[in-house]
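The chain contents come next:
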Amino acid sequence: MKRKLKLKRWHYYVIAAAVLLIALGVVGFIKREGIRYYVNSWRASGLLEDSIKSSEEGDWKEAERLAFAAWQLNEGNYETLKQLYKASLAERSRYILAASKMLFTHPEAKPEDRIEVLQLHLDIGDLVTFKALFGELNNKEQMSPDAMALGVHFLQARNDLPRALTLVDELLKARGDPGDKLLAAEILLKVNDPSGKAKANAQRLIDELFQVESDPEIALAAFGLLRSIPVNFWHLERFADAKNRLQSISESYEVHTSAFLLAKELEVHQFPENRNRILEGTTTEWIEKGPAALCEWLLRLGESGRILTLIEDDDARESISLFRVVTLAAITEKQWERAEKLLRKPHPQMRPSIVLALQAAIAEQQNQTARSRSLWQQALSQAEMASGQSALLEVAKLASRSGNAEIRNRAVTEALKRPSAITLPASDVAFLFEVLAEKEEAEDLLTVSRNLLASDPENPVLINNVVWLELVMEERRSDYSGMLRSLVEKFPNIPPLRSTLALSLMTTGENEEALATMAPTFGSATAKRKNSSATDNAVAALAFARAGDLEQARPLYERIQWSGMMEIEQAFFKKALNQALNPEPDDATPLSEN
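**Details of the overall build of the protein chain**
Turning to step 1, where the next piece is worked out: The secondary structure content of the protein chain amounts to 33 helices and zero strands.
Turning to step 2, where the next piece is worked out: Here the protein chain holds 594 residues, and the buried ones make up 44% of them.
Turning to step 3, where the next piece is worked out: A total of about 31800 Å² of accessible surface is found on the protein chain, and carbon and sulfur atoms cover 52% of it.

Pasting the structure below:
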């Protein structure tokens, strides 16, 4: 018995010793980790100091390397992350996007940090990330002037001008500094306003900003906005002393040649009787100091002949802008031999697609049909090989200038099929919709409409195009029913919107609501509507049929003019109506599966 007790006691001693050893080990581990943490923090602090010193010396590559090393040793440190972001931004390195997102979500990040990150994504054209991050700001941050200004820029980039105008108005009330006024003027000048009221308000802001005592950079930027205003909308009396203002500003700040030439252009239109004298005096003053800018100015004023007498071909090749202007001037003046001679040895920086397009324009003007067609095709092919939209849009612009609508349409269509940070207003390319429909190019029409909708998300024409084409081509990506309902409420007298909403509702089996949607347009099949389109009749017939009212559906079906539809629409409705008008006993196939 005693032996047993002794064994037990010995057992307890072993356990106690083991526990003690474990405790000592844990303490040792904690000490080691604590020592490692403090050592790493100390090393990271030194690296951060060295990184800041390198950035102060302008060595951003070294600053980034040191900041990244400091971050690896002490992840989560706000000051280190801010320095890494700053250095990566200066270097435009591969770390910048990751660093920006970490900075935006860091618990110690300040509102100005988040604004800076949003500005970065706006600058690089990443509108999707910008929108997502902007939504993470709280209400107070979103209503700060800096955030509102970024919001205006975002809406401007998306071509959402109505909302941009509303927000910029709030921005002017909240802060209204010169930069905000300049932004407001830019927005006003993009508004489609035939009355000229928006342009007049923009010029009032331009006049306020274009003053000698203003920030010279903002003053000159504001004055330059006048170039985007058609001459017949200019308020010349506001800028009668533009030349004097520019001369005063130039005493302490460099003023570009183009600004002085714009002032001269105002003078030409203010005193048309002195046009020749002003042109001659301006030419004498600027031909040596800024020949390219002078020739751009003369071309704007329609003085192509004067350009050709001023500039020799060899001089034209000194800069790409001068070469372009002289070549266009030769084409405008129908000096074909000179234009062709220039293009045989173009400026090395000129795109091959533009050279070919200019040659095509010359051949077209000379009625060389076969050569012109070949050159236009080569120009398109070269432009398609380039990345982005710019080359294609340049070809489209030259084709439009030459009067070649077919090439213009093809170039713009191809350009709009490519994603780009630079967006085009849908109204500027509305002609394409009809052209593509006539040519049965439904897939291109859908791609173009989707890309335009991404930059103009509240445009009813684009929403209608995308939804309709997705439905008839059975390529539906999203449910737009809610958006379509609001559009029908807003524009109750536009039948195509009703037809698209009704067809959308039928895909989800809401046949009664679809029929109710069409009721204001048709009421009943006996109410003849001579102006109803083929597609409206087809949708109404399908709505009646799927609601079980075949007596109303059949007369509408008989009135459908199939030639008024694209082939893809014909195939869709013939199949859908055949099934709806001739149902099988147990047919329950939803329209979306047709």
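Next comes the rest of the account.
**Comments concerning helix α8 (residues 145–157)**
Turning to step 1, where the next piece is worked out: Between its terminal C-alpha atoms α8 stretches 18 Å, which fits the 18 Å expected from 13 residues at 1.5 Å a residue.
Turning to step 2, where the next piece is worked out: Close packing links the buried residues of α8 with α5 (111–123), α6 (127–134), α7 (139–142), α9 (161–174) and α10 (178–190).
Turning to step 3, where the next piece is worked out: The positive-phi residue at the C-terminal boundary of α8 is Asn159, with phi of around 60°.

**So, the packing of helix α2 (residues 60–73) against helix α3 (residues 78–91)**
Turning to step 1, where the next piece is worked out: Two elements in contact, α2 and α3, have axes separated by 8 Å at closest approach and are oriented at 150°. It follows from the interaxial angle that α2 and α3 lie roughly antiparallel. α3 is crossed by α2, and the crossing has left-handed handedness. Only Thr80, Leu81, Gln83, Leu84, Lys86, Ala87, Ser88, Ala90 and Glu91 of α3 make contact with α2, whose side of the interface consists of Trp60, Lys61, Ala63, Glu64, Ala67, Phe68, Ala70 and Trp71.
Turning to step 2, where the next piece is worked out: Its residues assigned to classes, the contact of α2 with α3 comprises ten nonpolar, three polar and four charged.

**Quick word on helix α32 (residues 550–558)**
Turning to step 1, where the next piece is worked out: Among the residues making up α32, those that are buried are Gln552, Ala553 and Leu556. End-on, the buried residues of α32 take up no more than an arc of 95°, which puts them together on one face. Exposed side of α32, more than 90 degrees from the buried face: Glu551 and Glu558 are the residues found there.

**Examining the packing of aromatic side chains**
Remark: the centre distance and the inter-plane angle together describe each pair of aromatic rings, the angle taken between the planes.
Turning to step 1, where the next piece is worked out: Under the defined criterion, the tally for this structure stands at seven aromatic pairs.
Turning to step 2, where the next piece is worked out: Ring geometry for Phe210 versus Phe223: centroids 4.3 Å apart, planes at 15°, classification stacked. Residue Phe210 is found in the loop between α11 (197–209) and α12 (216–224), and its partner Phe223 is found in helix α12; the two are separated by 13 residues along the sequence. Across the pair, exposure class does not vary: Phe210 and Phe223 are buried alike.
Turning to step 3, where the next piece is worked out: An aromatic cluster of at least three residues, connected via ring pairs, comprises Phe130, Phe134 and Phe154.

**A short note on the nonpolar core**
Turning to step 1, where the next piece is worked out: Of all hydrophobic cores here, the largest spans 164 residues; its most connected members are Phe223, Leu226, Leu246, Leu503 and Phe573.
Turning to step 2, where the next piece is worked out: Beyond its immediate chain neighbours, meaning those up to four positions away, Leu226 contacts Gln203, Ile206, Trp234, Phe239, Leu262, Leu266 and Arg300.

What counts and how
Residues numbered from 1 in each chain as written. Predicted model: local features only at pLDDT ≥ 70, side-chain atom pairs only at ≥ 80, totals over all residues. Heavy atoms only, no water. Helix = DSSP H or I, 4+ residues; strand = E, 2+ residues; numbered from the N terminus. Buried < 20%, exposed > 50% of the residue type's maximum accessible area, 1.4 Å probe, protein only. Areas by Shrake-Rupley, 256 points an atom, 1.4 Å probe, with all protein chains shown as cover. Expected span 1.5 Å × (residues − 1). Contact = heavy atoms within 4.5 Å. Axes fitted to C-alpha atoms, helices over the stretch in contact; angles between N-to-C directions. Parallel < 35°, antiparallel > 145°, perpendicular 65-115°, else oblique. Left-handed = near helix turned anticlockwise from the far one by under 90°. Nonpolar A, V, L, I, M, F, W, Y, C, P; charged D, E, K, R; others polar. Arc of directions from axis to C-beta. Phe/Tyr/Trp six-rings, centres within 6.5 Å; stacked < 30°, edge-to-face > 60°. Core = buried A, V, L, I, M, F, W, Y, C linked by side-chain atoms within 4.5 Å.

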